[in-house]
Amino acid sequence: MNYSLKQLRVFVTVARYQSFSRAGDAIGLSQSAISHSMKELESEMGVRLLDRTTREVVLTDAGQRLANRVEPLLDELHAMLLDTRSFGTQHNGRVRIASSQTISAQLMPQCIASGEQEYPEIRILLRDQAQRLVLNSVRNGEVDFGIVIDPGVSADLACETILHEPFLLLCREEHAFARQASVNWIQLSGCPLVLQDYASGSRMLIDNALAQQGVAAEIVQEIGHPATLFPMVEAGIGISVIPALALPLPQGSKLVVRRLTPEINRALMLVRRKNRSLSPAAQAIWQVVKQQATFLTEKRSLSGLL
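Residues numbered from 1 in each chain as written. Predicted model: local features only at pLDDT ≥ 70, side-chain atom pairs only at ≥ 80, totals over all residues. Heavy atoms only, no water.

**Q** Even after reading the chapter, I still don't get helix H8 (residues 203–212), so can you show me in this structure?
**A** One turn of an α-helix holds 3.6 residues; hence residues three or four places apart share an orientation. Within H8, burial applies to Arg203, Ile206, Asp207, Ala209 and Leu210. End-on, the buried residues of H8 take up no more than an arc of 160 degrees, which puts them together on one face. H8 presents Ala211 and Gln212 as exposed residues on the side facing more than 90 degrees away from its buried surface. Buried residues along H8 sit in contact with strand E6 (157–172), strand E8 (192–196), strand E9 (218–223) and strand E10 (240–243). At the C-terminal side of H8, Gly214 shows a positive phi close to 70 degrees. (Buried < 20%, exposed > 50% of the residue type's maximum accessible area, 1.4 Å probe, protein only. Helix = DSSP H or I, 4+ residues; strand = E, 2+ residues; numbered from the N terminus. Arc of directions from axis to C-beta. Contact = heavy atoms within 4.5 Å.)

Encoded structure:
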């Protein structure tokens, strides 16, 4: 049978008022539209539901049976739809986010604090992972969205850039580069480099930058956790290339950062599954992260760190 909810609603209204004209007034339809809808419903069901006279409309036994069963079902459906619409506009529940270690340490604490202050009914849960695992978590639906270094073109992910930041040189304060206002990439040729390994989203970008600038790289150590870079460089094992988001330097360290020229940036992106909408709560926190990334950029620009 090919009947519609509209036809059933019209039928229930006619059954309630026992009049086409009064039913039409109640739901905003003409008497002819009401009559046409009822004829279509009866035709689809193959049974007469209404006996019509010039003065009134009377339910047949089949019509009365249908009205008794359909009306509570329509009321329940209406309540369910209202509940769904209400849920779709609520800013509450849990929002799960995944991000790599540097992003987690330098951007996410303020994002979480700001998000929970603005939306106290939302609980934000952070998953701190290497970039590859962040992307897996997003693809598998384990988190609502992730924050990553530009992962490149992907058919199953939707990305939005929230921050551009330059790569910087990290060295000891007595290193020759520390006496320069900026260091050209080509000057890194032959220098021992301590870099993060390929679990980091930045490593491929750094490799590409070294290659593009013609640097003959001498990589002496590859580190898994970004915090390990600082003591490695401070111990004199080598110099390093780090993103600006890795700042500030550890308190009391004998390290300095210098600009690398030409400036080469990495892009931080929000990433979610393509063709899957975010919940209202997740969408709200998505916007909070974007705002905090903008604040961070402005703050560092004013302080001269970028």
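**Q** Before we go on, may I ask you to explain the environment of Leu29 in this structure?
**A** Within the element layout of this structure, Leu29 appears in the loop between helix H2 (20–27) and helix H3 (31–45). Leu29 gets classed as partly exposed once you look at its relative accessible area, which sits at 27%. In this structure, Leu29 is in contact with Lys6, Val10, Gly24 and Ile34, ignoring residues within four places of it in sequence.

**Q** Where do I start with empty space enclosed by the protein in this structure?
**A** A water-sized probe rolled over the atoms picks out the places where empty space is left. All told, the structure shown has two cavities of 30 Å³ or more when counted by the stated rule. As a volume, the largest cavity reaches approximately 50 Å³. What lines the largest cavity is simply Gln196, Ser200, Ser202, Arg203, Ile206, Leu229, Val241, Ile242 and Pro243. Within the residue set of the lining of the largest cavity, elements represented by two or more residues are H8 and E10. Tallied by class, residues from the lining of the largest cavity come to five nonpolar, three polar and one charged. Around the second largest cavity sit Gln196, Pro226, Leu229, Phe230, Ile242, Pro243 and Ala246, which together line it. Only helix H9 (229–234) and E10 provide two or more residues apiece to the lining of the second largest cavity. Across the lining of the second largest cavity, the residue classes tally to six nonpolar, one polar and no charged. (1 Å grid on protein atoms, 1.4 Å probe; cavity = no way out; pocket = protein on both sides within 12 Å on 5 of 7 lines; lining within 4 Å. Points joined across faces, edges and corners; volume = space filled by probe spheres on them. Nonpolar A, V, L, I, M, F, W, Y, C, P; charged D, E, K, R; others polar.)

**Q** Mind showing me how you'd approach the domain arrangement of the protein chain here?
**A** How large an interface is tends to be reported as the accessible area lost when its parts come together. Domain boundaries in the protein chain define domain 1 (5–87), domain 2 (93–162 + 267–303) and domain 3 (165–266). Of note, the centres of domain 1 and domain 2, computed from C-alpha atoms alone, are 49 Å apart. (Domains from an automatic or database assignment.)

**Q** What am I meant to see in the packing of helix H1 (residues 5–17) against H3 here?
**A** Packing of H1 against H3 leaves a shortest axis separation of 9 Å and a crossing angle of 110 degrees. Considering the angle they form, H1 stands roughly perpendicular to H3. Considering the relative orientation of H1 and H3, their crossing is left-handed. Touching Gln7, Leu8, Val10, Phe11 and Val14 of H1 are Ile34, Ser37, Met38, Glu40 and Leu41, all from H3. (Axes fitted to C-alpha atoms, helices over the stretch in contact; angles between N-to-C directions. Parallel < 35°, antiparallel > 145°, perpendicular 65-115°, else oblique. Left-handed = near helix turned anticlockwise from the far one by under 90°.)

**Q** Honestly, the pattern of salt bridges in this entry has me stumped. Any pointers?
**A** Taken as a whole and assessed by the stated rule, the structure comprises ten salt bridges. Among the ionic contacts, a cluster of salt bridges with common partners joins Arg203, Asp207 and Glu222. (Salt bridge = Lys/Arg side-chain N within 4 Å of Asp/Glu carboxyl O.)

**Q** Is there a simple way to think about unusual backbone geometry in this case?
**A** In most cases, non-glycine residues show a negative phi, while peptide bonds are predominantly trans. Going from Leu247 to Pro248, the amide bond is cis rather than trans, its omega being 5 degrees. Looking at where Pro248 falls in the secondary structure, it is placed in the loop between E10 and strand E11 (255–261). With an omega of -5 degrees, the peptide bond running from Thr261 to Pro262 counts as cis. Structurally, Pro262 is set in the loop between E11 and strand E12 (265–273). In this structure, Gln18 is a non-glycine residue whose phi angle is positive, near 50 degrees. Turning to its location among the elements, Gln18 is positioned in the loop between H1 and H2. The exposure class assigned to Gln18 is partly exposed, which follows from its relative accessible area of 38%.

**Q** It is not clear to me how the confidence of the model for the protein chain should be interpreted in this structure. Could you clarify?
**A** For residues with low pLDDT, the predicted coordinates do not support detailed interpretation. Confidence along the protein chain averages 87 in pLDDT terms, with 93% of residues attaining 70 or more. Here helix H4 (residues 61–87) is the element of the protein chain with the lowest mean pLDDT, 78, and strand E7 (residues 182–184) is the one with the highest, 96. (pLDDT = per-residue confidence, 0-100.)

**Q** Even after reading the chapter, I still don't get the packing of aromatic side chains, so can you show me in this structure?
**A** For any pair of aromatic rings, the description rests on two quantities: the centre-to-centre distance and the angle between the ring planes. Using the criterion set out here, one finds one aromatic pair in the structure. With a centroid separation of 5.3 Å and an interplanar angle of 70 degrees, the aromatic rings of Phe145 and Trp286 are classed as edge-to-face. Placement of Phe145 in strand E5 (residues 145–149) and of Trp286 in helix H10 (residues 280–303) is noted, with a sequence separation of 141 residues between them. Using a relative accessible area of 0% as the deciding quantity, one classes Phe145 as buried. By relative accessible area, which is 5% here, Trp286 ends up buried. (Phe/Tyr/Trp six-rings, centres within 6.5 Å; stacked < 30°, edge-to-face > 60°.)

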